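Working through the structure, step by step
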Amino acid sequence: MNKSKFIWLFGENMGNTANNNSFYFWRHIVEKNDEIEKYFIMKKNKKNLKAYKSLSRKEKKNVVWKDSIKHYILFAKADMLFVSLSYKDVTPNGKYIKRGIKTPLVYLQHGTLAIKKITYRGNTYNNNMFRFLYYNKNIKETLIQENKFKEYQLLYAEFHPRYKELVKRYEEYQKNKDRQKSILWFITWREYFGENNETKRFIENIKKVINNYKMREFLSQNQYKLKICLHQFFDKEKIDYITNKLKDENIIIVTPKEIDVMDELVYNDILITDYSSVAFDFSLLGKPVILYQPDIKDYSKTRDFYYLDEMLEYSIQTPTKLVAELKKNNTNVNEFFKKRLPDKIDFEYIKNGKHIDKIYDEFYKIQKNEVTFIGYNLYGRGGTVSATLALAEGLLEKKYLVKLLSLKKHRKKGDFPNALNANALYFDKKRTPQYVVKRLLFFSKANFGNLKYDCNKEYLIPYAGFALKRKLKNIKSSTVVSTRETLHLFLKEAKSPFIKNKIYFFHTFYNVLQKQYVGLLEELKKHQLEKAVFITEAGKKQYEEKAGYTQYEKVTILNNCLESSKMITRDEIQPIKKKKTYNSIYLLRISEDRIKDLNNLFDFVEYMKKNKFNKLIIHVYGIGDYLEQFLQRIENEHDEEYIKYEGLAENIKEEYAKYDFVTDFSLNHSFGMTYLEAIFNGKMVFGTINQGSKEVFKDMPECYINSYEDLLNKIKKIDKIDITDLQKHYDIMYNKYSREVITEKFIKYINE
């Protein structure tokens, strides 16, 4: 293993085979001279050992035997996983499978989706389904709608990697002039198989076909052999029952273990199959496929279909009709499959592996431009987390591989965009032996390192500082982004040769930073940061004017944006209806440092009481160290009819949908993410004059709260706000703060 190179792991069928997409992809690129070491995982079995012997010396060097020590080491260090069936294709047995995977995964597939629906989702494998390759040119929208994939997760790959070998064998076979005419009947697995009536009916149907006089007559008169390939999980008892008294030499019964499926697709002239995607492989070669589905009613009880109505137009369901179809001697490619293959099928292109080169080039570029965000608790909530996740999603949409590295996490899963790879240095609530060791061995506060400046270090363990330093030493990302000021010095000191860009976000305003991270700015002044990012121009000026801080080589202003899951589309905006009582939402951290904001809330409620206005309920969301006192104050001041505490906002989009508008009494917003969230959820928002509202409300002065009298007058006229006003606000924000706009600025900055 070369530490200066990336590691890609390939595998298929839990390591049992070397004959599918993963193998042929790996074999085509393994000898490319690049910065990637590519390994194929194999189990030591008879077929694999035979395949191993056929490999070159270089290829053999990059084969790793499953469950070997080398396999465990490579799996732990892998940068990307490529599989044909599932993540188990590349994982060692044991504890790793129980934990799942923590590495971006590329699902190459083993078939073409068109018949049976799959259950994979966009957030499969702990949200590590980085790319899902598809080969049916018409299925993209279906995967997005039904399987909840994001468009950026889907890659149209034209042809399966294994087709390189399929076409090569086919052209060789075509040179053989003395060929036996043959039919392959390929039977796939049924979920209902077992000791039941459905299985008995299906077995009887196979026997009816075999014993059908017209079938035997057709085979004999036309000099055809019929090879029936049963699924490998058929038990011997069922096979014996099917073959009992079978004396016709033109009919042969086998299982996939006894044959080379690719050879059979090449050698046979006609394919009979049911729900198997081998029909696409056969159609690619320009040969006819017959869909024989005698158990369609039973099968559809356990599996759903993508194109059921269309498929039934081509479906044959009785032995008599099957024989009649064979007698037509139709040599045309079945239209059901043809219309889903690429328009142009170039055997030279496929045979030379040009389609594989395209896939490789895509992932090579992605790997080389990997981006990692480091943060305090990126599994949590708050403006910084929200802004980080939104930018990460924007980069994913631009085809970047994006990772999160969090000091800690307080829950197993975060609310992350699909395919965002997230890992934490430790799980705050876990008490396994491994985590106990982390606490005991690294108890010294010296391990905190530069985290000593963090106001929340009491909620961390010293191990976090030690582990972050070690991670950044070995990180393989081209761009690393620090999202918290106390992490900037860790990134500055990082020596990984892979890092080309170091980006330092200043999310915290100067006056807040001085209170929360005492002594940090003085330390930062001793270092020249490569590329700094401020959220607003005003924020940057504060550092310059109040502290004389300009210790960076380059600087840019990059506003915040929102994730797709936290906003609606412009077309979904609804008008504000006239009501007897209106409900507004107020989100904030209910902590001692926000007492002035809470005072504003209570003062406004008092103002409403004095003016005998009781048509508004303000619903407050948030948690913090002042929550108990806040709830007690509501009771003491008899404000229960005006203020309702709602707890933590679990789903911002759903919560905003419940309310008529947004009220915000905060005096200190460094950017104003609350306002962005409100407007991108189609809500009118009223906010006090603060740094964040000055930034966001520049072109929307009607959103300012100038006084309690002003706010009350605006609320009284809330139903007069037209939907076009809300759409106008949305458009203004979209042009300035959409993910696309912000991400483009960020990409331009890292490429400078």
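Above this text you will find the structure in question.
One structure accompanies this document, and this report is about it. Being a predicted model, the structure only gives us computed values, none of them experimental.

What follows covers the pairing of strand S18 (residues 501-506). Buried residues dominate S18, accounting for six of its six residues. Alternating residues of S18 divide into Asn501, Ile503 and Phe505 and Lys502, Tyr504 and Phe506, and every residue in both groups is buried. Where strand S17 (residues 479-482) lies against S18, four bridges are found, and the strand directions are parallel. Residue pairing in the sheet places Thr479 in a bridge with Asn501 of S18. As a crossover connection, the stretch from S17 through helix H23 (residues 488-493) into S18 is right-handed.

Taken together, Lys102, Lys412, Lys413, Lys430, Arg470 and Lys471 make up a surface patch of like positive charges. Mapped onto the elements, Lys102 comes out in the loop between helix H5 (95-99) and strand S5 (105-107).

Turning next to helix H1 (residues 21-29). In terms of burial, H1 is largely enclosed, as eight of its nine residues are buried. By the burial criterion, the buried members of H1 are Asn21, Ser22, Phe23, Tyr24, Phe25, Trp26, His28 and Ile29.

The next point concerns the nonpolar core. Generally speaking, soluble globular proteins have nonpolar side chains that are buried together. Formed by 219 residues in total, the largest nonpolar core has its most connected members in Leu9, Phe132, Leu143, Phe363 and Phe630. With eight residues, helix H20 (residues 383-397) is the single largest residue contributor to this core. Residues within four places of Phe630 in sequence aside, it is in contact with Ile590, Leu598, Leu601, Phe602, Val620, Ile643 and Tyr645. Within the second largest apolar cluster, 42 residues are counted, among which are Leu451, Ala467, Leu468 and Tyr504.

The element strand S19 (residues 529-534) is largely enclosed, with a buried count of five among its six residues. Sheet topology note: the S18/S19 ladder contains four bridges and is parallel. The residue bridging Phe506 from the neighbouring strand is Phe534, located in S19. As defined by bridge partners, S19 adjoins strand S20 (residues 552-557) across five bridges and the pair is classed as parallel. Residue Ala532 lies in a different strand from S20, and its bridge partner there is Val555. After leaving S19, the chain enters helix H26 (residues 537-547) and then returns to the sheet as S20, a path that is right-handed.

What follows is about the sheet that holds strand S6 (residues 129-134). Taking strand neighbours across the sheet as the criterion, the seven strands line up as S3-S2-S1-S4-S5-S6-S7 in an open arrangement whose pairing is parallel. A single partner strand is all that each edge strand has here, and the edge strands are strand S3 (63-65) and strand S7 (154-156). Each neighbouring strand pair of the sheet contributes to a mean axis angle of 25°, computed without reference to strand direction.

A few words on the packing of aromatic side chains. A full pass over the atoms with the stated rule returns 64 aromatic pairs. Pairing Tyr120 with Tyr125 gives two aromatic rings, centres 5.8 Å apart and planes at 70°, and the pair type is edge-to-face. We note that Tyr120, like Tyr125, is buried. With centroids separated by 5.4 Å and ring planes inclined at 35°, the aromatic side chains of Tyr134 and Tyr156 adopt a geometry described as tilted. Highlighted residues: Tyr134 in strand S6 and Tyr156 in strand S7, separated in sequence by 22 residues. A relative accessible area of 7% means that Tyr134 is categorised as buried. Grouped by ring-pair contacts, the aromatic residues Trp8, Phe10, Phe25, Phe82, Tyr360, Phe363 and Tyr364 constitute a single cluster. Between the NZ or CZ atom of Arg340 and the centre of the ring of Tyr307, over which it lies, the distance is 3.9 Å. Looking at Lys531, its charged tip hangs above the ring of Tyr749, at a distance of 5.5 Å from the centre.

Next up on the list: the pattern of salt bridges. Two side chains carrying opposite charge are able to pair once their charged atoms lie near each other. Evaluated as defined, the whole model comprises 50 salt bridges. For Glu171, the salt bridge is made with Lys351, and the minimal N-O distance between the two is 2.7 Å. Highlighted residues: Glu171 in helix H8 (residues 163-174) and Lys351 in helix H18 (residues 347-351), separated in sequence by 180 residues. The class for Glu171 is partly exposed, based on a relative accessible area of 25%. Put simply, Lys398 and Glu744 hold a salt bridge, and the shortest N to O gap is 2.8 Å. Of this pair, Lys398 sits in the loop between H20 and strand S15 (402-406) while Glu744 sits in helix H34 (residues 739-750), and the two are 346 residues apart along the sequence. Here Lys398 falls in the partly exposed class, since its relative accessible area comes to 31%. Take Glu744: its relative accessible area is 39%, and that puts it in the partly exposed class.

Read from one edge to the other, the open sheet built from seven strands follows the order S16-S15-S14-S17-S18-S19-S20, with strand pairing classed as parallel. Every other strand in the sheet has two partners, leaving strand S16 (421-424) and S20 as the edge strands with one partner each. Between one strand and the next, the sheet's axes are offset by a mean angle of 20°, whatever the strand orientation. Packed on one face of the sheet, H34 meets S17, S18, S19 and S20 and runs near 135° to S18.

The next point concerns H8. Its twelve residues give H8 an end-to-end C-alpha distance of 16 Å, which sits within 8% of 16 Å, the value for a rise of 1.5 Å per residue. Three or more residues of H8 are buried, namely Tyr163, Glu165, Leu166, Val167, Tyr170 and Tyr173. Looking at the packing, one finds that the buried side of H8 touches H1, helix H12 (261-267), helix H13 (278-284) and H18.

Moving on, we get to the packing of helix H27 (residues 595-610) against helix H32 (residues 708-716). The contact between H27 and H32 brings their axes to 10 Å, and the two run at 65°. Judged by the inter-axis angle, H27 sits roughly perpendicular to H32. Seen from above, H27 lies across H32 with right-handed handedness. From H27, Asn600, Asp603, Phe604, Tyr607 and Met608 reach across to H32, where they touch Tyr708, Glu709, Leu711, Leu712 and Ile715. Partitioned by chemical class, the residues of the contact of H27 with H32 number seven nonpolar, one polar and two charged.

Thresholds, definitions, all that
- Residues numbered from 1 in each chain as written.
- Predicted model: local features only at pLDDT ≥ 70, side-chain atom pairs only at ≥ 80, totals over all residues.
- Heavy atoms only, no water.
- Buried < 20%, exposed > 50% of the residue type's maximum accessible area, 1.4 Å probe, protein only.
- Helix = DSSP H or I, 4+ residues; strand = E, 2+ residues; numbered from the N terminus.
- Pairing = 2+ DSSP bridges.
- Right-handed = clockwise from strand over helix to strand, strands pointing away.
- Patch = residues over 30% accessible without salt bridge, like charges linked within 9 Å, V, L, I, M, F, W, Y side chains within 5 Å.
- Areas by Shrake-Rupley, 256 points an atom, 1.4 Å probe, with all protein chains shown as cover.
- Salt bridge = Lys/Arg side-chain N within 4 Å of Asp/Glu carboxyl O.
- Lys, Arg positive; Asp, Glu negative; His and termini not counted.
- Charge placed at Lys NZ, Arg CZ, Asp CG, Glu CD.
- Core = buried A, V, L, I, M, F, W, Y, C linked by side-chain atoms within 4.5 Å.
- Contact = heavy atoms within 4.5 Å.
- Axes fitted to C-alpha atoms, helices over the stretch in contact; angles between N-to-C directions.
- Phe/Tyr/Trp six-rings, centres within 6.5 Å; stacked < 30°, edge-to-face > 60°.
- Lys NZ or Arg CZ within 6 Å of the ring centre and 35° of its normal.
- Expected span 1.5 Å × (residues − 1).
- Parallel < 35°, antiparallel > 145°, perpendicular 65-115°, else oblique.
- Left-handed = near helix turned anticlockwise from the far one by under 90°.
- Nonpolar A, V, L, I, M, F, W, Y, C, P; charged D, E, K, R; others polar.

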